[in-house]
Amino acid sequence: MPELPEVETVRRGLVPRMVGHRIAGLIQRRKDLRVKLPARFAAKVEGRTVTAIDRRAKYLLLRLDDGQTLIIHLGMSGRMTLHDAKSAAEHPFERHDHVVFDMDDGWQVRFNDARRFGLMLLVPTEGVEKHKAFKGLGPEPLADAFDGAVLAARLKGRKTPIKAALLDQKTLVGVGNIYACEALYLSGLSPRRSAHTVQGDRAERLVAAIKQVLLRSIDDGGSTLRDHVQPGGELGYFQTRFKVYDRAGAPCQTKQCGHLVKRLVQAGRSTFYCAHCQR
């Protein structure tokens, strides 16, 4: 599933081609994704100008000039690809190109979702924050206000393993399995450690590691393991920088460590770590 870096990469790729531009046409090639697409979808968005594209957690928020916001979730396999007029003419729609935006300058944005776990909702902008999709979500990990003290407060009293706590969107948003493993390794914290013990310096180290890992992945265009591509068609390459994720049995990359990366299963998810470097 695309996590924060992949969604942020998509957002940044769409901004130059959509923000400030009018949606000249919308082609809806099926009636639903995970849920039904908005009623009279084309009629409601055609002619509207995209004023901004924001992100909250793993959701894209396309702000329209009539006070509506199009909420988009990529699901497990969703991607949004860009085509100029020549590319759009030369490449017919693929089977899973479910929603197509024709912009006023000839560019085309296609939403492709093979598994159809994606989501598109059209809601009044003033109601976005109170929408049920965002109820109970934790803070944004890349926000300036997110620091060790904030994380420590959200972990206080929690006896669950720290890895599981990081995957809980009520703790903080967007840090999926890959980035939790990488951040815990970078901060030297064991994924088995009880979350309530991550206070003080441990919390500061973990927040710094989370921010570093996420920003590096965004700079690399995200991680492409199966479905993720950037809007321009480029693959992400953060997977070439993995320190522990999916590296079970490989040597730990910490100098003079000499131990091997291990794998364990926590709450049905694979966790990768170095038992020597992470305590």
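Notes on the structure in this doc start here. (Residues numbered from 1 in each chain as written. Predicted model: local features only at pLDDT ≥ 70, side-chain atom pairs only at ≥ 80, totals over all residues. Heavy atoms only, no water.)

## Overview of the sheet that holds strand β2 (residues 50–56)
Pairing between the strands of a sheet is mediated by backbone hydrogen bonds and can be parallel or antiparallel.
Point 1. Judged by pairing direction, the sheet is antiparallel, and its 4 strands sit side by side in the order β2-β3-β4-β8 without closing on themselves. If you trace the sheet from one side to the other, it starts and ends with β2 and β8 (119–124), each paired once. For this sheet the average axis-to-axis angle between neighbouring strands, irrespective of direction, equals 20 degrees.
Point 2. Here β2 pairs with strand β3 (residues 59–64) via 6 bridges, running antiparallel. The residue of β3 that forms the bridge with I53 is L62.
Point 3. Contacts between helix α1 (residues 4–18) and the sheet are confined to β2 and β3, with β2 contributing the most and set at about 175 degrees to the helix. (Pairing = 2+ DSSP bridges. Helix = DSSP H or I, 4+ residues; strand = E, 2+ residues; numbered from the N terminus. Axes fitted to C-alpha atoms, helices over the stretch in contact; angles between N-to-C directions. Contact = heavy atoms within 4.5 Å.)

## Structural notes on the environment of R154
Point 1. Among the secondary structure elements, R154 is positioned in helix α4 (residues 148–155).
Point 2. Distance from R154 to D84, taken between C-alpha atoms, is 45 Å for residues 70 residues apart in sequence.
Point 3. If we skip the residues at most four places from it in the chain, R154 touches G138, P139, K170 and T171.
Point 4. Reaching out from R154, the side chain makes a polar contact with the backbone oxygen of T171 at a distance of 2.9 Å. (Polar contact = N/O pair within 3.5 Å; in protein donor to acceptor, adjacent residues only side chain to side chain.)

## Observations concerning the state of the cysteines
Point 1. Tallied over the full model, the rule gives 0 disulfides.
Point 2. A disulfide-free cysteine, C277 has its sulfur positioned 3.6 Å from the sulfur of C257, the nearest such atom.
Point 3. On the accessibility criterion, C277 (23% relative accessible area) is partly exposed. (Disulfide = S-S within 2.5 Å. Buried < 20%, exposed > 50% of the residue type's maximum accessible area, 1.4 Å probe, protein only.)

## So, the pattern of salt bridges
Point 1. This model, assessed by the stated rule, comprises 16 salt bridges.
Point 2. R48 is the salt-bridge partner of D65, the closest N and O atoms lying 2.6 Å from each other. In this pair, D65 is assigned in the loop between β3 and β4 (68–73) and R48 in the loop between α2 (41–45) and β2, connecting sequence segments 17 residues apart.
Point 3. When its relative accessible area of 39% is taken as the criterion, D65 is described as partly exposed.
Point 4. D201 serves as the salt-bridge partner of R205, at 3.2 Å between the closest nitrogen and oxygen. Placement of both R205 and D201 in helix α7 (residues 200–219) is noted, with a separation of 4 residues, approximately one turn of the helix.
Point 5. Overall, the relative accessible area of 51% leaves D201 in the exposed class.
Point 6. Each member of the salt-bridge network shares a partner with another, and the members are E8, R11, R12, R55, R56 and E140. (Salt bridge = Lys/Arg side-chain N within 4 Å of Asp/Glu carboxyl O.)

## Concerning the side chain of E182
Point 1. If you trace the backbone, E182 turns up in helix α6 (residues 177–187).
Point 2. In this structure, E182 is in contact with V213, R241, F242, K243, V244 and Y245, ignoring residues within four places of it in sequence.

In short, the description is geometric, and any link to function would need to be established separately.
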